[in-house]
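# Secondary and tertiary structure notes
Residue-level listing of the chains:
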Amino acid sequence: TGGVQQEQQTTETVIHQTDSNTTSTTNTITIQAEKNQTAQVTISDVNIDVSGTWDAAISAEGNGNVTIELEGDNTAKSGDGHAGVEKNNGGNLTIADADADGALEAVGGEYGAGIGGVDMGDGSNITISGNAEVTATGGRGAAGIGGGCLGKGSDITISGNSEVIANGGFNGAGIGGGYFGEGSDITISGDS
């Protein structure tokens, strides 16, 4: 039958965009992580801009963990109600840069976090580690990293030599909860 076959990841997955320094794409990335598994994806010079839509630029899905390794300059701008890098998976979302050769700009649409929750959605179990250079900007009422508008932001860790700039939208925290949302268990360590 003509269905989609899912297989366990055995090799590194790299998503690379050519000409990303001059052209953005409306193609989006969805990373599916099965329970008790970690989906590992490297994004390399991607420039996704779906800000005029109702889509998420990058979305972590499923019940497992998702790790995004940064390589080159990456941009993820989402549409209304969505986070720039949207955390919908049940496990941890890790954004890392082991080789110190990557950066990420994540911009949420209206009411969506830069990294984390959708409109009225929580953003929890988020880690930024290694040498990651991350700029996260939330939409109106949303956190830069954490909850969307009315969403909580919890269990957020920034560690290693990460350089993070987190800008909340109007009434949203830089790191933590969105408008009327709580923020808790936020840890910043190392040389971050």
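Summary of the structure given here. (Residues numbered from 1 in each chain as written. Predicted model: local features only at pLDDT ≥ 70, side-chain atom pairs only at ≥ 80, totals over all residues. Heavy atoms only, no water.)

## Topic: the overall build of the chain
Scanning the chain for helices and strands turns up zero helices and 17 strands. Its C-alpha atoms give the chain a radius of gyration of 15 Å, near enough to 16 Å, the size a compact globule of 192 residues would have. Reported as C-alpha extents along the three principal axes, the dimensions of the chain are approximately 45 × 40 × 35 Å. Taken over 192 residues, the chain has a buried fraction of 46%. Of all intrachain contacts in the chain linking residues separated by at least 6 positions in sequence, the fraction that spans at least 24 positions is 79%. For the chain, the distance from the average site of its 5 positive side-chain charges to the average site of its 26 negative ones is 12 Å. (Helix = DSSP H or I, 4+ residues; strand = E, 2+ residues; numbered from the N terminus. Rg over C-alpha atoms; globule rule 2.2 N^0.38 Å. Buried < 20%, exposed > 50% of the residue type's maximum accessible area, 1.4 Å probe, protein only. Contact = heavy atoms within 4.5 Å. Lys, Arg positive; Asp, Glu negative; His and termini not counted. Charge placed at Lys NZ, Arg CZ, Asp CG, Glu CD.)

## Description of the nonpolar core
Counting residues in hydrophobic clusters, the biggest one holds 30 residues, and the most contacted among them are I43, I58, I68, V85, L104, I115 and V134. Looking at this core, the element that brings in the most residues is strand β6 (residues 65-77), giving four residues. If we ignore the near neighbours within four places in the chain, the residues touching I43 are I15, I29, I58, I68, E69, L70, E71, N74 and L104. (Core = buried A, V, L, I, M, F, W, Y, C linked by side-chain atoms within 4.5 Å.)

## Let's talk about the pairing of strand β9 (residues 102-107)
Pairing of β6 with β9, which is carried by six bridges, proceeds in the parallel orientation. The partner of A76 across the bridge, within β9, is A106. (Pairing = 2+ DSSP bridges.)

## Re the environment of S24
Tracing the backbone shows S24 in the loop between β1 (13-16) and β2 (29-33). Not counting the four nearest positions on each side in its chain, S24 is found in contact with Q17, N47 and D49.

## Observations concerning the sheet that holds β2
With parallel pairing, the six strands of this open sheet are ordered in space as β2-β5-β7-β10-β13-β16. A strand with exactly one partner marks an edge of an open sheet, and here the two such strands are β2 and β16 (175-176). As paired strands, β2 and strand β5 (residues 58-62) are joined by five bridges and run parallel to one another. Looking at β5, one finds that Q32 is bridged to E61.

## With respect to a nonpolar patch on the surface
Taken together, the side chains of M120, L150, Y179 and F180 make up a nonpolar region of the molecular surface, amounting to roughly 470 Å² of accessible area. Relative to the assigned elements, L150 resides in the loop between β13 (145-146) and β14 (153-158). (Patch = residues over 30% accessible without salt bridge, like charges linked within 9 Å, V, L, I, M, F, W, Y side chains within 5 Å. Areas by Shrake-Rupley, 256 points an atom, 1.4 Å probe, with all protein chains shown as cover. Salt bridge = Lys/Arg side-chain N within 4 Å of Asp/Glu carboxyl O.)

## Some thoughts on unusual backbone geometry
Of note in this structure, N36 is not a glycine but carries a positive phi near 65°. For N36, the location among the structural elements is in the loop between β2 and β3 (38-44). Even without being a glycine, F180 presents a positive backbone phi close to 65°. With respect to the helices and strands, the residue F180 is situated in the loop between β16 and β17 (183-188).

## Observations concerning the side chain of N74
Position of N74 among the secondary structure elements: in strand β6. The class for N74 is buried, based on a relative accessible area of 3%. Only 3.2 Å separates the side chain of N74 from the backbone oxygen of E71, close enough to count as a polar contact. For N74, the contacting residues outside a window of four places in its chain are I43, S44, D45, V46, A103, L104 and E105. (Polar contact = N/O pair within 3.5 Å; in protein donor to acceptor, adjacent residues only side chain to side chain.)

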